[in-house]
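Remarks on the overall topology
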Amino acid sequence: MGEKEREKLRDSIRETKGILHQISQEYDQYNQDNMDELFDDENSDESTDGGKDSENTEKKSIEIDEEDQKDTGKSLKSSASLSDLKSIEMKIKNLKNEAYQRHIKAISQDIHMYLEKMLVLFTICYEQLDCIEGKDQCYACLEKSIFKPVWRYLLGLFRLANEPKELTLAYVMTERQTCLPADCSVKLKLQMIDCEEPYNIAVKHLKMFPNQQTLLDKLECLVKCSRLVCQCIEDYFKNQKIPTIGADDLLPILCYVIIKAGQPQILSECLILEEFIHEGYIMGEEGYCLTSIQTAVGYLVSQGMAT
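Residues numbered from 1 in each chain as written. Predicted model: local features only at pLDDT ≥ 70, side-chain atom pairs only at ≥ 80, totals over all residues. Heavy atoms only, no water.

In the nomenclature of an unreviewed UniProt entry, the protein chain is known as VPS9 domain-containing protein of Mytilus edulis.

1. Re the overall build of the protein chain
When helices and strands are counted, the protein chain shows nine helices and zero strands. Along its sequence from the N terminus, the protein chain presents helices and strands in the succession α-α-α-α-α-α-α-α-α. Taking contacts inside the protein chain between residues at least 6 apart in sequence as the whole, the part at least 24 apart equals 78%. Looking at the protein chain as shown, the accessible area adds up to about 20,600 Å², and 55% of this sits on carbon and sulfur atoms. (Helix = DSSP H or I, 4+ residues; strand = E, 2+ residues; numbered from the N terminus. Contact = heavy atoms within 4.5 Å. Areas by Shrake-Rupley, 256 points an atom, 1.4 Å probe, with all protein chains shown as cover.)

2. Here we look at the packing of aromatic side chains
One pair of aromatic rings is described through two measures. These are the centre distance and the angle between the planes. Taken as a whole and judged by the stated rule, the model has three aromatic pairs. Judged by centre distance (5.0 Å) and plane angle (80 degrees), the rings of Tyr236 and Phe237 are edge-to-face. For Phe237, a relative accessible area of 10% gives the class buried. (Phe/Tyr/Trp six-rings, centres within 6.5 Å; stacked < 30°, edge-to-face > 60°. Buried < 20%, exposed > 50% of the residue type's maximum accessible area, 1.4 Å probe, protein only.)

3. Describing the pattern of salt bridges
Taken as a whole, this structure holds four salt bridges when the rule is applied. Residue Asp249 is joined to Lys187 by a salt bridge in which the shortest nitrogen-to-oxygen separation is 2.9 Å. Highlighted residues: Asp249 in helix H6 (residues 247-261) and Lys187 in the loop between helix H3 (163-175) and helix H4 (200-207), separated in sequence by 62 residues. Its relative accessible area of 9% is what places Asp249 among the buried residues. Between Lys218 and Glu269 there is a salt bridge whose closest N-O contact spans 2.7 Å. Of the two residues, Lys218 sits in helix H5 (residues 215-236) while Glu269 sits in helix H7 (residues 266-276), which places them 51 residues apart along the sequence. Exposure remark for Lys218: the relative accessible area of 0% places this residue in the buried category. Looking at Glu269, the relative accessible area reads 1%, which means it is buried. (Salt bridge = Lys/Arg side-chain N within 4 Å of Asp/Glu carboxyl O.)

4. Brief notes about the confidence of the model for the protein chain
For the protein chain, mean pLDDT is 80; residues scoring 70 or higher make up 73% of the total. Taken element by element, the protein chain is modelled with least confidence in helix H1 (residues 3-125), mean pLDDT 66, and with most confidence in H4, mean pLDDT 95. Here residues 45-52 scores under 50 on pLDDT; set against residues more than four positions off or in separate chains, the count is one contact. (pLDDT = per-residue confidence, 0-100.)

Structure (structure tokens):
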């Protein structure tokens, strides 16, 4: 190959390299331009989509806020309505209790008035009855004639007025029906651990309390129940020294006996006795026994309300 041909070959190679270099540059530029346009399109799409999304988000947030406001309004209305219902129920309950108390007060005044009038008439007719013993005898004769026809209505009224307390007492009696004297805080020496059914005769006698016909019979039933408690203790310690029993010892035992007897209406019946029994009885043993039973009943009711 001659020198001229070699020179031509070198020149063609240089031209080819130059063309290839130019082509590569143009290709790179083309790719760069396409990539820029692509990114610009994506950014514009994203901005457009972002605007749409932001608009949709704002709309949704507005809708959610409106729904929240509606729900909040509904919840506020519902809570307000519930509170209104509760307040109305409480007002109705208070009005009912006030009405019952007014009826009890009015009826009690009428009964006391008629009893006093009858006692005055007796003492006018029979001057020998114008003394404490005579008035007690007159009352004993009158109370059966006056209270027996109206007893169930009078008891029903008192039970309605004291229904929440009676329900609480009934709950305590039901829950603690299988309790032992120790569960009622009876002192260890008075628990009668060896006995299968401690103070059973007192419990049986108290169960007959609602069946008594007159106020004096009911009062005598309470007195005998307290005496039977003491008798149970005496029988248990018959060959030993009998422990002395004070009011603090008697109260837990009476709580146990009342629970076992299971007569929740004893609460209302004791209130009737307290209201209508002649004051001559209240100052003696009968009044002490009635007060002891009422104290035990009140303690059990307070325990039930605490739970």
